[in-house]
Amino acid sequence: MPPISELKARPIGRVLVKMGRVTREQVVEALTFQKSKGGALGRILVDLGYVKEQDLNLALAAQRGYEFVSLENRNISKETLAAVPAQIATTQKVFPIEFDPAAKKLVVAMANHENFRALDDLRQLMGYQVEAVLADAEAIDKIIAKHYKAGADDIKNLMSDLANDPDLKSLENRGESLDLESIKGAADSNPVKKLINLVLLQAIKDKASDIHFEPFENEFKMRYRIDGVLYEMMPPPAHIAPAISSRVKVMANLDIAEHRMPQDGRIELNVNNMPIDLRVAVLPTMFGESVVMRVLDRGNVNLDLDKLGMREEELLAIRQLTKKPNGIVIVTGPTGSGKTTTLYSALRELNDPSTKLITAEDPVEYDIDGIIQCQIEPKFELTFGKILRSMLRQDPDVILVGEIRDKETAEIAVQASLTGHLVFSTLHTNDAPSAIARMLDLGLEAFLITATLEGIVAQRLVRKICAKCKTEYTPTEEQLMELELRTDDVVGQTFYYGKGCDNCNNTGYKGRMGLYEIMTFDDDLRDQIVAHASTQVLRLEAKKRGMRTLRQSGLMAIFDGATTIEEVVRETLTEEG
């Protein structure tokens, strides 16, 4: 085959001639045909019988600059293999042939030059710079089977059972016409039960926090979230989507005849003698029901302030806040940043016979002995506001409000703190100083905020480098620039990343740790809030008083060798002012 530089961006007829697949006369004949009838030249050459479909695909790929390689007698290092998880390799039909861990540059072979999703997955999930080359489809299947066989077998066999099951085949092309009996039968079929169990066990084994079953027009996706990142599993046949959602509904005691309304439920399991709660949310979409299960592994969660990864001074500051006799302590951050875990850990510490603790949550995530926990039920008009009012009549010492969402909740929280209660709650803001503006937006008076607010803790979760494959490296200038650092700023500092191994599912990360920004108040800062100082001014004043920002916490975690530059850049904002 000629060099790729001679084929790239050339007309398809010219490419095929240079590849020796057609003669000039044949191209001229096809062009004459094209003038009278129209159509794509490559397709006409295939229809005339001059080139094979495979040759045309190869020429189209070469035209776009993809190189063709042979996979025979190739020695692939363990490191290169580990760069692409088995699940992506087998489902997306891509195979890694070269990998530079320091530059995070990966070369993969694929059979189809239009397989953009595989490349996107590797870029997004793994954070690689990906380059693709073309190889023979059969050779790719063989080499994937040879190197990635283990673990893929179970699920592969199960997928073929699902595709060939006669009861499930009857669901194909039925659309809305499915009757209840068919759905019940499909939900109880063995392959469907087996698939759900396999997915659940795999997710729990990999310490996933969420499992997603998502129907689309022509496919059905299964994904799960590990350490905050979504990974795609091998997709089952699209027509079994109703069977999967119905099976989950049966397990969660939901109404399987109801397809038009969202439903929420709970599944309680025992896996390896560990209690696992699954919170189930079913949402009707254009193409069926989307099901998300939140895995609440009570054995996995460690509700202990000492084990959240805080530094000594952060731990001391948070303990001082939790020991206040009254006031409001707010933990802020986006969804999934570990706010609930931090608050529960604080409650766990305060939980003794001399203190009465009550929570109002939506939903209750962890059951803790000794704490009275109330669930919000909007359908019975049981809102945060209503529960809070009643809670104050229960003579509590400490109150946890799941989230301050509106003016009513904010006002009752303020009243509670003014009458001698310690109130914990959460807000959704980017950092600690922004929480003040958010409370003012909700309609609270500035003087009430300063009278009650004791502290704000902003937090993020970053993935920790896997201890088994932690490797030292020197970051590039571009990577340092993302942290607004120069080479001179990091003299003497050591940087690490995870190469990827069996221990971390070849991701390079295992577990997560918190980054914290703790803002406490003195009289001057309270005066600034009453004077409606901007968030930027408050941030600067708090920093002057020793507040460590999320980005600074992230930098310390990088220098400690606990996490990577990419994680900190992804989770923290650059500092203004």
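In every chain, residue numbers begin from 1 and rise along the written sequence. Since the coordinates come from a predicted model, pLDDT governs what is reported: local features require at least 70, and pairs of side-chain atoms require 80 or more to be given and counted, while whole-chain, interface and lining totals use all residues. Based on all heavy atoms of the structure, the side-chain values leave hydrogens and waters out of the count.

Participant: Where do I start with the overall build of the protein in this structure?
Facilitator: The helix and strand labels rest on DSSP assignments: H or I over at least four residues marks a helix, E over at least two residues marks a strand, and numbering proceeds from the N terminus. Helix and strand counts for the protein stand at 24 helices and 18 strands. The buried label goes to any residue with under 20% of its type's maximum accessible area, the exposed label to any with over 50%, and the partly exposed label to all in between, with areas taken from a 1.4 Å probe on protein chains only. Relative to its 577 residues, the protein shows a buried fraction of 50%. Should any heavy atoms of two residues lie within 4.5 Å, those residues are considered in contact. Residue pairs in contact within the protein that sit at least 24 positions apart in sequence constitute 63% of those at least 6 positions apart. Every accessible area reported is derived by Shrake-Rupley at a probe size of 1.4 Å, with residue values counting cover from the shown protein chains alone. Element-wise, carbon and sulfur atoms account for 47% of the exposed surface of the protein, whose accessible area totals about 28200 Å².

Participant: Would you take a moment to explain helix α14 (residues 312-322) for this structure?
Facilitator: Each full turn of the α-helix corresponds to 3.6 residues, which orients residues three or four apart in the same direction. Those residues of α14 that fall on the buried side of the exposure criterion are Glu-314, Leu-315, Ala-317, Ile-318, Leu-321 and Thr-322. The buried residues of α14 occupy an angular sector of 165° when projected down its axis, which confines them to one face. Those residues of α14 that are exposed and angled more than 90 degrees off the buried face are Glu-312, Leu-316 and Gln-320. As for α14, its buried residues are in contact with β10 (327-332), α15 (339-350), β14 (422-427), β15 (453-465), β18 (509-520) and α23 (550-559). Directions are taken from the helix axis to each C-beta atom, and the arc is the one they span.

Participant: Would you explain the side chain of Gln-479 in this entry?
Facilitator: Tracing the sequence through the fold places Gln-479 in helix α20 (residues 477-482). For Gln-479, a relative accessible area of 12% corresponds to the buried category. Here Gln-479 is in contact with Tyr-473, Ile-565 and Glu-566, once residues within four sequence places are set aside.

Participant: Before we go on, may I ask you to explain unusual backbone geometry in this structure?
Facilitator: A negative phi angle characterises most non-glycine residues, just as the trans form characterises most peptide bonds. One non-glycine residue, Asn-253, adopts positive backbone phi at about 55°. By the secondary structure assignment, Asn-253 is in the loop between α13 (241-251) and β7 (263-271). Unusually for a residue other than glycine, Asn-505 sits at a positive phi of about 60°. Tracing the backbone through its elements, the reader meets Asn-505 in the loop between β17 (495-498) and β18.

Participant: Would you explain the sheet that holds strand β13 (residues 398-401) in this entry?
Facilitator: Strand pairing in a sheet takes place through backbone hydrogen bonds and is either antiparallel or parallel in direction. Within the open sheet, the 7 strands sit side by side as β12-β11-β13-β14-β10-β15-β18. Their pairing is mixed. Lying at the two open borders of the sheet, with one neighbouring strand each, are β12 (372-375) and β18. Sheet twist, expressed as the mean angle between neighbouring strand axes with direction ignored, is 20°. By the bridge criterion, 4 bridges tie strand β11 (residues 357-361) to β13 in an arrangement that is parallel. Bridging from a neighbouring strand, Leu-357 pairs with Val-398 of β13. Contacts from α15 reach β10, β11, β12, β13, β14, β15 and β18 within the one sheet, and its direction differs from that of β14 by about 165°. What makes two strands pair is DSSP finding at least two bridges between them. As a rule, the C-alpha atoms of each element are fitted with a line to give its axis, helices using only the stretch in contact, and angles between N-to-C directions run from 0 to 180 degrees.

Participant: What am I meant to see in α23 here?
Facilitator: Burial runs high along α23: 7 of the 10 residues are buried. Of the residues making up α23, those classed as buried are Leu-550, Arg-551, Ser-553, Gly-554, Leu-555, Ala-557 and Ile-558. Looking at the buried side of α23, the elements it contacts are α14, β15, α20, β17, β18 and α24 (565-571). Of the residues flanking the end of α23, it is Gly-561, one or two places downstream, whose phi is positive at about 75°.

Participant: Any chance you could explain the sheet that holds strand β3 (residues 129-134) here in plain terms?
Facilitator: As summarised here, the arrangement of the 3 strands in space is β1-β2-β3, forming an open sheet in which the pairing is mixed. Edge positions in the sheet fall to β1 (94-100) and β3, since each has one partner strand and no second. Recorded for the sheet is a direction-independent mean angle of 25° between the axes of neighbouring strands. Across 6 bridges, strand β2 (residues 105-110) lies against β3 in parallel orientation. For Val-108, the partnering residue across the bridge sits in β3 and is Ala-132.

Participant: What is the right way to look at the UniProt feature "domain: Bacterial type II secretion system protein E" (unreviewed entry) in the protein in this model?
Facilitator: UniProt positions are given in the numbering used here, feature names are shortened, and annotations may be inferred rather than shown by experiment. In the UniProt entry, the feature "domain: Bacterial type II secretion system protein E" (unreviewed entry) is given for residues 392-406. Helix and strand shares over residues 392-406 are 7% and 27% respectively, and the end C-alpha atoms of the span are 18 Å apart.

Participant: Any chance you could explain the pairing of strand β6 (residues 229-232) here in plain terms?
Facilitator: Looking along a regular strand, one sees the side chains alternate between the two faces of the sheet. Here β6 shows two buried faces, one formed by Val-229 and Tyr-231 and the other by Leu-230 and Glu-232. With 4 bridges connecting them, strand β5 (residues 220-226) and β6 associate as antiparallel partners. Residue Tyr-224 lies in a different strand from β6, and its bridge partner there is Tyr-231. Remark: 2 residues form the turn of the hairpin made by β5 and β6, two consecutive strands paired antiparallel; Asp-227 in that turn has positive phi of roughly 50°.

Participant: I'm lost on the packing of helix α21 (residues 523-530) against helix α22 (residues 535-544) in this one. Help?
Facilitator: Angle between the axes and distance between the axes: these two values describe a pair of packed helices. Running from N to C, α21 and α22 point in directions that differ by 180°, and their axes come no closer than 11 Å. Looking at the two axes, α21 sits roughly antiparallel to α22. Residues Leu-525, Gln-528 and Ile-529 of α21 form the contact with α22, whose participating residues are Val-537, Leu-538, Glu-541 and Ala-542. Residues were grouped as follows: Ala, Val, Leu, Ile, Met, Phe, Trp, Tyr, Cys and Pro as nonpolar; Asp, Glu, Lys and Arg as charged; and all remaining residues, including Gly, as polar. Considering only residue class, the contact of α21 with α22 consists of 5 nonpolar, 1 polar and 1 charged. These descriptions rest on fixed angle ranges, namely under 35 degrees for roughly parallel, over 145 for roughly antiparallel, 65 to 115 for roughly perpendicular, and the rest for oblique.

Participant: For this particular structure, what's the right way to read the packing of aromatic side chains?
Facilitator: When we look at a pair of aromatic rings, we describe it by the centre distance and by the angle of the planes. Between rings of Phe, Tyr and Trp, where Trp is taken as its six-membered ring, a pair exists when centres lie within 6.5 Å; planes separated by under 30 degrees are stacked, by over 60 edge-to-face, and by other angles tilted. What the rule picks out here adds up to 4 aromatic pairs. With a centroid separation of 6.5 Å and 15° between ring planes, the pair formed by Phe-213 and Phe-220 is classed as stacked. Grouping residues by exposure puts Phe-213 and Phe-220 together as buried. Ring plane angle 80° and centroid distance 6.0 Å describe the contact between Phe-495 and Phe-559, whose orientation is recorded as edge-to-face.

Participant: Teacher, can you tell me more about the nonpolar core here?
Facilitator: It is characteristic of soluble globular proteins that their nonpolar side chains tend to be buried jointly. By nonpolar core is meant a set of buried Ala, Val, Leu, Ile, Met, Phe, Trp, Tyr and Cys residues that side-chain atoms within 4.5 Å join together. Counting residues in each nonpolar core, the largest one holds 43 residues, and the members touching the most others are Ile-330, Ile-436, Leu-453, Ile-456, Met-519 and Phe-521. If you tally residues by element for this core, the top one is helix α17 (residues 407-418), at 5 residues. When residues no more than four places from it in sequence are discounted, the contact partners of Leu-453 are Ile-328, Ile-330, Ile-436, Met-439, Phe-521 and Arg-526. Of all hydrophobic cores here, the second largest spans 33 residues; its members include Tyr-231, Ala-241, Ala-243 and Val-282.

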